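Secondary and tertiary structure notes
Listed here are the chains, written in short residue letters.
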Amino acid sequence: MSDSDDLPRNPGPAGGWGSLRGMREVGGEAKPTPGVLETLKRQNKPGGFMCSSCAWAKPPNYKPFEFCENGAKATMWESTRDRCGPDFWDGRTVAELRSWTDHDLEKTGRLTHPLRYDAATDSYRETTWDEAFSAIGAKLSDLPPDDVVFYSSGHAGLEASYLWALLARLYGNNNLPQSSNMCHETTSVGLQKVIGSPVGTVTWDDIAATDCYFFFGQNPGSNSPRFLHPLKECKDRGGKIVTFNPIREQGLVSFVDPQSPVAMVTGDETKISDQYHQLKSGTDIAAILGVSKAVIEADDEAGGTVIDWAFVEEHTTKFDDFVSFARETTWEAITTECGLTEEALRDAARVYMEAERVIGVYGMGLTQQAHGAWNVGMLVNLLMLRGNIGRTGTGCCPVRGHSNVQGQRTVGIAEKVELVPMDKLRELFDFEPPQKDGTHIVDAAEGIVAGRIKATLCLGGNLLRALPDRDRLEATWQDQDLTVMISTKLNRSHLFPGKSAWILPCLARSEKDQQETGNQIITIEDSFSHIHGSTGRRTPASKLLKSELAIVCGLAKAIVPPHPKLEWDAWLRDYSRVRELIEATYPEDFRDYNSRLFEPGGFWRGNAAAHRIWKTKSGRAEFTVPEKLNALAFEPAEGRMRLLTMRSNDQFNTTIYGYSDRFRGIEGTRDVVLVNAADMERQGLSHGDRVTLVSDAGDGVERRLPGLEVIRYDIPEGTIGAYYPECNVLVPISLHDHLSKTPGYKAVPVRIEAA
Ligand SMILES: Nc1nc2c(c(=O)[nH]1)N[C@H]1C(S)=C(S)[C@@H](COP(=O)(O)OP(=O)(O)OC[C@H]3O[C@@H](n4cnc5c(=O)[nH]c(N)nc54)[C@H](O)[C@@H]3O)O[C@H]1N2
Ligand SMILES: Nc1nc2c(c(=O)[nH]1)N[C@H]1C(S)=C(S)[C@@H](COP(=O)(O)OP(=O)(O)OC[C@H]3O[C@@H](n4cnc5c(=O)[nH]c(N)nc54)[C@H](O)[C@@H]3O)O[C@H]1N2
Ligand SMILES: [Mo]
């Protein structure tokens, strides 16, 4: 192959006809029930239902179709006609299903019946809700509360989530790890530390006014495609976009608006990034320091007119430490670390300084690193140099993952006691909430491997598959006394049942949630901290399904002794009663909650940092100095590669819709590893070779992933890419952010071995 043959080879713009084809292919596989178009038309609009895919904000001025390729895929996937009923298990064992792919497991269709694991036949059998609830309740009463984990993936609405957290506390622990422990925990902890906000500060007003975006490790084309519209609008106004990412992600290169008939016919592409900097994985600290250094130097030359000195003096602390660090670090150290030239970093700084209003966007490329919190601090340093925070058109924009992942934290799904108004819970429910911090997901995973954790209850998700160290966890997961999964579809976590194991099938968000007082509304919080009501209208996939809230109440009644203040039945009859409880617990965030459910664009919870009120320890926004120039847990060594685990646009986390990663030019397989041409030459590899990736964490644990096809790819030397979740077998549990414990999924030390 010649140099120009590196993949991706002109994959075509994000959006455009490719996105329609992508939707059609998933539609063909999922075989959605009739009426799915009607459902899609209501998606993300006031009075409609909120997409169960990503958390990107829902605008007040919505479009005729306010959904993207991936939102449509998610809706079609849950609206499938296929059913995975009890008969699926006839003659099938759990053990044999372990050879199935994630795609094939979910493709069996919607779960229809509550199921219990039967050890004699090694398969699941139909059960009744009553039997399930009472058996789970009995098991839990035998276990010490400390040994039990209540996980949640960020799907369930605020109402069910609030009751889930209440249930754990009534049972006796704060063991409430959530998917954000593997995702934006770095934001919850790292951003909180520096600006006093655990969430982003940006709202639609900022998006409408900004003239520049700086992107670090977030991929809107695949993971939040509705974001491409505001990016295009920014470009149409003459704004600029600068991206730092090891991989040239197509959504950040160019976009054709699939909602514009003219653009679709003429193929009118909008170029998204004005500059695209392919830095080495894990080196954003160096790159951002380089940009900051250029800004500081320009300020010196311009007699102090570049830095926003008024902001720095009035609002920040430790500025001098940061400036000294930037001055003392040489350009050589910076450029060697990140692999970008001084000129490239100065170019980025030029755009940054010319812009009046800059938004800093980030995602997993910054958060899933061994020193992700330093990454977040560095981005905030850069923004603060020119007062790009707490002013219209500016701000810090962590793009959240699951549709309600942020909201679940807001209503009490948190393992740390200090994050929850325990006094309010004490008063409302007349009990003594547990005072000890609960387990983070990393501690829970270690606890399962060590045999300390005896039961895991999962409100959604596919925890076993999403966690690091797959082999070690799969070898020990079944030693647990109890596993309970509240799920819509079959997944790999179901295939490692505890001694007593239950699958509890629930309604999907687009389905009717009929209770005694009528079809219920649930609410979610988006990435901009706006709260939206959501009502499903589709006929449920099975008459036996229960809503997530109904399942939580059913479990609660079996687990917690009755008490007049615990009105599980009344709450189930009318979810607005649960919203009253949420408002009573968090009066500032949820004022007049029930009357504001369908405000266009949702109602804003507010954010002090957006008003330049800093709820930090110092009462000021804090400049920080990282201890080194990268976010890695390891030193470079001959043959040691940094494995970056990737998402394709044909998956939502562990849900694999299909095998087309069209933006990266990879079709028909996920068993690939992307390698730079120079690394291939050095290691004697050819395009198409089969190799094994081997852990190089140096902790004595053998971790191997065989059978990957080498793809020669435009990726920096020393960095390689392969897909999540297949690669999770290679990630040590102990590799995580020093502050927040978010796993370091984006720079895993591995070696390449011939297969
Ligand atoms: N279609 C789809 N949508 C999704 C999801 C999905 O799986 N599929 N998942 C949802 C969830 S839960 C989440 S959290 C979000 C995730 O959305 P993102 O935050 O976009 O997450 P990733 O795609 O894992 O990684 C983002 C980017 O980081 C880059 N990167 C890797 N290492 C580095 C680095 O060291 N520095 C920099 N600057 N960049 C780096 C990668 O190349 C990639 O482009 O998306 C949500 N939306
Ligand atoms: N290597 C590597 N590992 C990663 C990541 C990475 O980038 N690299 N990313 C991490 C991130 S950001 C995250 S958020 C986690 C994701 O971890 P999880 O949130 O645990 O996993 P998901 O794949 O989102 O869960 C999919 C399952 O959710 C269930 N489900 C779908 N819809 C619903 C619903 O409406 N209700 C209920 N109750 N269940 C439903 C279905 O049964 C489906 O099989 O993975 C993490 N793991
Ligand atoms: Mo996530």
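Where an unreviewed UniProt entry is consulted, the protein appears under the name CbbBc protein, with the organism given as Roseivivax halodurans JCM 10272. What the UniProt record of the protein gives under Sequence similarities (unreviewed entry) is the line "Belongs to the prokaryotic molybdopterin-containing oxidoreductase family."

Next up on the list: the sheet that holds strand E17 (residues 500–505). Here we have six strands laid out as an open sheet, ordered E5-E4-E17-E16-E15-E6, and mixed in their pairing. This sheet does not close on itself; its edge strands, each paired only once, are strand E5 (123–126) and strand E6 (148–152). Pairwise comparison of adjacent strand axes, ignoring direction, gives a mean angle of 20° for this sheet. The pairing of strand E16 (residues 482–487) with E17 spans six bridges and is classified as parallel. Bridged to Thr-483 within E17 is Ala-501.

Now for the pairing of strand E24 (residues 641–646). Of all six residues in E24, six are buried; the element is thus mostly enclosed. Going residue by residue along E24, you find Met-641, Leu-643 and Thr-645 tucked away on one face and Arg-642, Leu-644 and Met-646 tucked away on the opposite face as well. As judged from the five bridges shared by E24 and strand E32 (residues 719–723), these two strands associate in the parallel manner. For Arg-642, the partnering residue across the bridge sits in E32 and is Thr-719.

The subject of this paragraph is the UniProt feature "domain: Molybdopterin dinucleotide-binding" (unreviewed entry) in the protein. According to UniProt, the "domain: Molybdopterin dinucleotide-binding" (unreviewed entry) feature falls on residues 642–749. For residues 642–749, the helix share is 6%, the strand share is 36%, and the end-to-end C-alpha distance is 5 Å.

This paragraph deals with the domain arrangement of the protein. Looking at the assigned domains, one finds that the protein contains domain 1 (3–78), domain 2 (84–179 + 413–587), domain 3 (185–403 + 616–622) and domain 4 (641–754). Centre-to-centre separation of domain 1 and domain 3, based on C-alpha positions: 27 Å. Counting from both sides, the interface comprises 27 residues of domain 1 and, opposite them, 28 residues of domain 3. Where domain 1 abuts domain 3, roughly 2,200 Å² becomes buried across the two surfaces, and 62% of that area is made up of carbon and sulfur atoms. If you sort the residues of domain 1 by the area they bury against domain 3, Ala-14, Trp-56 and Lys-63 come out on top, with a joint share of 31%. Applying the counting criterion to the domain 1 and domain 3 interface returns one salt bridge. Taking the shortest distance from any N to any O, the salt bridge between Glu-66 and Arg-226 comes out at 3.4 Å. Counting across the interface, domain 1 meets domain 3 through nine residue pairs in polar contact (both at pLDDT 80 or more). Listing elements by their share of the side of domain 1 that touches domain 3, those giving two or more residues are strand E1 (14–15) and helix H1 (16–30). The greatest single-element share of the side of domain 1 that touches domain 3, amounting to four residues, is contributed by H1. In terms of residue class, the side of domain 1 that touches domain 3 is built from 16 nonpolar, eight polar and three charged.

Criteria and thresholds
Residues numbered from 1 in each chain as written. Chains lettered and ligands numbered in written order. Predicted model: local features only at pLDDT ≥ 70, side-chain atom pairs only at ≥ 80, totals over all residues. Heavy atoms only, no water. UniProt positions renumbered as here; feature names shortened; annotations may be inferred. Pairing = 2+ DSSP bridges. Helix = DSSP H or I, 4+ residues; strand = E, 2+ residues; numbered from the N terminus. Axes fitted to C-alpha atoms, helices over the stretch in contact; angles between N-to-C directions. Buried < 20%, exposed > 50% of the residue type's maximum accessible area, 1.4 Å probe, protein only. Domains from an automatic or database assignment. Contact = heavy atoms within 4.5 Å. Buried area = accessible area lost by both parts, 1.4 Å probe. Salt bridge = Lys/Arg side-chain N within 4 Å of Asp/Glu carboxyl O. Polar contact = N/O pair within 3.5 Å; in protein donor to acceptor, adjacent residues only side chain to side chain. Nonpolar A, V, L, I, M, F, W, Y, C, P; charged D, E, K, R; others polar.

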